[in-house]
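In case you want the letters, here they are:
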Amino acid sequence: MEQPFINKEKNSFYSKNTEKNQVIELYGLAFMGFLIPFLIGHPQLLVGVCVNALIIRSALSMSARKALPVLVMPSLGALARGIIFGPYTVYLVYLTPFIWTGNFILFQAFRLKGKRDWNYPQTILGGAALKAGFLFSSAYILYSTGLIPKVFLAAMGAMQFTTAFVAGFSVYLMVRAESE
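Everything quoted here is computed from the prediction, not taken from an experiment.

> Can you break down the overall build of the protein chain residue by residue, with the values?
The number of helices and strands found in the protein chain is seven helices and zero strands. For the protein chain, the succession of helices and strands along the chain, N to C, is α-α-α-α-α-α-α. Scored against the burial criterion, the 180 residues of the protein chain give a buried share of 36%. A fraction of 73% describes how many contacts in the protein chain between residues 6 or more apart in sequence connect residues 24 or more apart. When the accessible surface of the protein chain is summed, it comes to about 10300 Å², and 66% of that surface belongs to carbon and sulfur atoms.

> Give a description of the nonpolar core that names residues and reports values.
In this structure, Ile55, Ile56, Val70, Leu106, Phe107, Phe110 and Tyr120 are the most contacted members of the largest nonpolar core, which totals 26 residues. Elements represented by at least two residues in this core include exactly helix 1 (8–40), helix 2 (44–61), helix 3 (64–81), helix 4 (89–113), helix 5 (120–144) and helix 7 (158–179). Per element, the largest residue contribution to this core is eight residues, and it comes from helix 2. Residues in contact with Tyr120, not counting those within four places in the same chain, are Ile56, Phe110, Lys113, Gly168, Val171 and Tyr172.

> Please provide a residue-by-residue account of helix 5, values included.
Along an α-helix, residues three or four positions apart point the same way, because every turn accommodates 3.6 residues. For helix 5, with 25 residues, the first-to-last C-alpha span of 35 Å sits near the 36 Å given by 1.5 Å per residue. Along helix 5, the positions that sit buried rather than exposed are Tyr120, Thr123, Ile124, Gly127, Ala128, Lys131, Ala132, Leu135, Ser138, Ala139 and Leu142. Turning to helix 5, the residues buried within the fold contact helix 2, helix 4, helix 6 (151–155) and helix 7. Once helix 5 ends, the next one or two residues include Gly146, with phi positive near 80°.

Basis of the calculations
Residues numbered from 1 in each chain as written. Predicted model: local features only at pLDDT ≥ 70, side-chain atom pairs only at ≥ 80, totals over all residues. Heavy atoms only, no water. Helix = DSSP H or I, 4+ residues; strand = E, 2+ residues; numbered from the N terminus. Buried < 20%, exposed > 50% of the residue type's maximum accessible area, 1.4 Å probe, protein only. Contact = heavy atoms within 4.5 Å. Areas by Shrake-Rupley, 256 points an atom, 1.4 Å probe, with all protein chains shown as cover. Core = buried A, V, L, I, M, F, W, Y, C linked by side-chain atoms within 4.5 Å. Expected span 1.5 Å × (residues − 1).

Note that every value here comes from positions in space, so none of it alone points to a role or purpose.
This is the structure:
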């Protein structure tokens with residue numbers, strides 16, 4: 001049986017190197033998660049696909065605790081930009097905790113993928129549907145209570161499903177290409 005590490009020093013080096021790579025990946029994904037909505041802003045389809053791809057990518061390589069910045073930073077980038085929804089940006093503040101939760105739902109769908117008998121296409125469909133369903137339901141309740149305008153219903157429903165689905169498919173293609 002082949003030993004993966006020859007001695008303690010070499011084992012310690014590889015362990016630290018792996019931790020260093022994980023930290024670099026985490027900060028890179030979180031930084032991109034902030035910058036994409038902050039710098040690009042529009043169209044929502046492009047920004048949403050990119051952000052959801054970062055979330056899904058983080059789900060495939062890190063724990064929920066470590067990925068928290070990746071789940072939170074895109075909303076903060078959108079708020080910082082202040083013009084994604086034009087005059088409606090102030091309403092985004094009401095939706096931010098729900099968006100964070102929706103991101104976590106998508107993240108968890110892909111984290112649980114390896115622990116269930118789901119295949120990847122089912123995970124994409126399920127994760128996208130769960131995230132979009134949660135966000136649309138949340139937006140609908142906020143709209144019904146008069147806290148946000150109707151424009152958010154489309155942005156938090158079908159658009160969320162589309163961006164999460166396209167992102168899941170894109171990450172799938174990237175992961176397949178990396179493994180070949």
